[in-house]
Structures are given as structure tokens and as C-alpha cells.
Amino acid sequence: MENTLKVYIYREGERPVFHQPPIKGIYASEGWFMKLMQANKKFITKNGRKAHLFYLPFSSLMLEVALYVPDSHSRKNLEQYLKNYLDMIRAKYPFWNRTGGADHFLVACHDWAASETLQLMANSIRALCNSDIREGFKLGKDVSLPETNVRIPQNPLRQLGGKPPSQRRILAFFAGSMHGYVRPILLKYWENKDPDMKIYGIMPKAKKGKMNYIQHMKSSKYCICAKGYEVNSPRVVEAIFYECVPVIISDNFVPPFFQVLNWESFAVFILEKDIPNLKSILLSIPEKSYLEMQMRVKQVQQHFLWHAKPVKYDLFHMILHSVWYNRVLQIRVRPKQLLG
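Source: prediction; values computed, not measured. (Residues numbered from 1 in each chain as written. Predicted model: local features only at pLDDT ≥ 70, side-chain atom pairs only at ≥ 80, totals over all residues. Heavy atoms only, no water.)

Q: Explain the nonpolar core here, please?
A: Within the largest apolar cluster, 81 residues are counted, with the highest numbers of intra-cluster contacts made by F33, M37, F105, Y222 and I224. For I224, the contacting residues outside a window of four places in its chain are A172, F173, F174, L186, I199, R235, V247, I249 and L278. Y85, F95, W96 and V254 belong to the second largest nonpolar core, which has 27 residues in total. (Core = buried A, V, L, I, M, F, W, Y, C linked by side-chain atoms within 4.5 Å. Buried < 20%, exposed > 50% of the residue type's maximum accessible area, 1.4 Å probe, protein only. Contact = heavy atoms within 4.5 Å.)

Have a look at this one:
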């Protein structure tokens, strides 16, 4: 990929939906990728005929902010806006029509992006935070996009790391809004039930001398990553960021970069139905196994970090590699399908 891949970015598209990357908050992944992709000189080509991939540079967050009518419960105008854009580039350039959009890709982190692009960009490679196979996420074509909560864009690596395993006194930690159906079940069984299990709803601002959200993550052996409205959660990357072993409770979640990362070596997957047994499952993990997982969390951490200037094997490169990998896979599989 390093010496071969060339990406063409369409210049068309009006701000704020296009070419205006949001780089702060829980949807920052799409913005950071856009920002770094547009500034990249190694992978970018201005000649579409030399490109292997074509990037559709829109923000699913800004699409919602700019066009969604509050309380309308309708996203038709958002989908029509994207359709109009695709109609324009199809008419202006030959690239989409050559492959039906199969060599085009998008990077989108808003929950709605999966449904908004499902029909319009059915052949395209969709890097989505909402990687739910029940909502049309296609293994082998689409890419699971890590959801990163960037608090300070000027320094995305601020407070990186956590306490060593010997100083992590909390068995398991979770705090968050009661989005979806899984989190209320988690609190029903574990909120204020066990001193080893620090399970909360929204944490109030920490008083002097009390631990805040980040300090809890840095001090816990396991960090609970329970799905919200959708399968994804920024807590997965947060746990890795603070060197806490992620415990993923989201039955249909496709983990990012699963083609190259062995998630079961550094994370724990628990079925939603097993929430009542959460503590016993975690305690059944031998200390040696926990230490190995925590060590591997630190090893894979480099793949989930944003840098102002991309660093080899970082999150920017991992996303781009996943898109490239899936495109190459499509090219190799399709001739066999045609023959068979």
C-alpha cells in the first residue's frame, strides 16, 4: 500500500457538509481522517485516471447538523442531498460509472450514516462506526471505523496511558447515558451492587479528592464498553487509550481491523444475555491471562491514535489500509464469482 496506493478526492461539494472536518467529540474519526487525507501528499493524486480509490469527502455529522429538521423523524432530505451529489459526479466524471462506485469510499461516524448510504452507495466501501451486520454492514466490503472521542483537537494524545496493572484497584468500570436497551440492564444488575464493580449512569462532575471518568478508566482492570443506541461505542478506543482491557457487550458489533488484529487476545467479549454473570466471568480470567491482555492493549494502542502528522501504523494508516484491503479483496473475489 505504502508504495502503490493513490487516492483521488473529489473537489466538488459545498461546506459545511463537504470538506469541513469536525475534529472534536465522539464523531471525530470521520473528521480526523478527512483532515489528514486532504493534507496528505503521499497517497493523493490529482489525476483520477491514476487513482485506485476515490474518496467522497463528506461529514455524516455535518449532514445531520446542516439539514435535519428537528422532530421531523425524516431523513429523506439528507439522502436526497447525497443523491444529488452522486448524480453530479456521475455526470461530470467517468470514474463512478466504470465500477458502479465499487472503488469509491466514504468515512462516516454518525449513527445514521449506515442507513443513509445503504442504498445510494451500495457498492462502495463504507467505513462506518455503526458496523452492525443487521443494518446492512457487509463483511469483506465495508470497514469498521473506530469511534474516537477527541476532547482536545490541539493535543489528541493528552492523558494517554494509565496506571500499571498492580495499581489498578477497580475490577470493572462503566459510566454513561442510558442509551439503548443494554445499559439499563447493566445498571439494573450492577449499579451500587458490588464495591469491585464501579457501574454508574452519567457521572457528575468529580468533587475535589474524588476520581473523575478518566481517572476511573486509568485505575480499572476492565472497562465496560456497552452498546448504546447502536452497536458502536467510543469506550472501546477510550479503554485502549487508557490501557484498560475493553469488555465489549454488543452482540452484533464488528470490531475494527479484525483482519489484522486478534481482538480476543486483548479484549473480552460478553454476550448481552450474560450481563448478570459479568463479575464471575471477569473473575474467572486468570491473573496471568489478564496481564497478557493488558500488555497487548498497550501493544495495539498505536493503531488507535491520531497524530497531527500521520505516523506509520497509526489510526489514519489503519483505516486507509482497511479500505485498500477490502478493495483488493473485491477485485480478487469477483472474477471467481463470475466464473462460478
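Q: Even after reading the chapter, I still don't get helix 6 (residues 182-190), so can you show me in this structure?
A: For an α-helix, 3.6 residues make a turn, and residues three or four places apart therefore share a direction. If you check which residues of helix 6 are buried, you get V182, R183, L186, L187 and W190. Mapping the buried residues of helix 6 onto a view down its axis gives an arc of 135 degrees, with all of them on the same face. On the buried face of helix 6, the contacting elements are strand 6 (170-174), strand 7 (197-199), strand 8 (220-226), helix 8 (235-241), strand 9 (245-249) and helix 9 (278-283). Phi turns positive one or two residues past the end of helix 6, at N192, with a value near 55 degrees. (Helix = DSSP H or I, 4+ residues; strand = E, 2+ residues; numbered from the N terminus. Arc of directions from axis to C-beta.)

Q: Honestly, the pairing of strand 4 (residues 125-128) in this entry has me stumped. Any pointers?
A: Walk down a regular strand and you will see the side chains alternate between the two sheet faces. Burial of the side chains of strand 4 extends over both faces: I125 and A127 are buried on one face and R126 and L128 on the other. Pairing geometry for strand 3 (residues 104-108) and strand 4, over 4 bridges, is parallel. Bridging from a neighbouring strand, F105 pairs with I125 of strand 4. Handedness of the β-α-β unit built from strand 3, helix 5 (residues 113-118) and strand 4 comes out right-handed. (Pairing = 2+ DSSP bridges. Right-handed = clockwise from strand over helix to strand, strands pointing away.)

Q: Teacher, can you tell me more about the UniProt feature "domain: Exostosin GT47" (unreviewed entry) in the chain here?
A: Feature annotation in UniProt assigns "domain: Exostosin GT47" (unreviewed entry) to the following positions: residues 2-283. In this annotation, residues 2-283 is assigned 27% helix and 14% strand; the end-to-end C-alpha distance for the span is 43 Å. (UniProt positions renumbered as here; feature names shortened; annotations may be inferred.)

Q: Help me understand the state of the cysteines, please; the structure alone is not making it clear to me.
A: What makes a disulfide is a covalent bond joining the sulfur atoms belonging to two cysteines. Under the definition given, this model contains 2 disulfides. Covalent S-S linkage joins C109 and C129, the inter-sulfur distance amounting to 2.0 Å. With the S-S bond torsion at -90 degrees, the cross-link from C109 to C129 turns out left-handed. Of this pair, C109 sits in the loop between strand 3 and helix 5 while C129 sits in the loop between strand 4 and strand 5 (143-144), and the two are 20 residues apart along the sequence. You can call C109 buried: its relative accessible area is 0%. (Disulfide = S-S within 2.5 Å.)

Q: Help me understand the pattern of salt bridges, please; the structure alone is not making it clear to me.
A: Within this structure, the stated rule accounts for 12 salt bridges. Between R151 and E238 there is a salt bridge, with its nearest N and O atoms 3.1 Å apart. With a gap of 87 residues between them, R151 in the loop between strand 5 and strand 6 and E238 in helix 8 connect regions that are remote in the sequence. A relative accessible area of 6% places E238 in the buried class. Where salt bridges share partners, they join K83, D87 and R90 into one cluster. (Salt bridge = Lys/Arg side-chain N within 4 Å of Asp/Glu carboxyl O.)

Q: I'm lost on the layout of surface pockets in this one. Help?
A: The gaps left among the atoms become clear once a water-sized probe is rolled over them. Its boundaries defined by the atoms lining it, the largest pocket holds a volume of some 580 Å³. The wall of the largest pocket is formed by 27 residues, among which I26, G176, S177, P234 and R235 lie closest to the centre. Elements supplying a minimum of two residues to the lining of the largest pocket: helix 7 (213-218) and helix 8. Taken together, the residues that form the lining of the largest pocket break down as 11 nonpolar, 8 polar and 8 charged. Considering the residues around the second largest pocket, the lining is formed by 20 residues, among which N149, V150, R151, P156 and F241 are closest to the centre. Residue contributions to the lining of the second largest pocket peak at 3 residues, all from helix 8. Of the residues assigned to the lining of the second largest pocket, the class counts are 12 nonpolar, 4 polar and 4 charged. (1 Å grid on protein atoms, 1.4 Å probe; cavity = no way out; pocket = protein on both sides within 12 Å on 5 of 7 lines; lining within 4 Å. Points joined across faces, edges and corners; volume = space filled by probe spheres on them. Nonpolar A, V, L, I, M, F, W, Y, C, P; charged D, E, K, R; others polar.)

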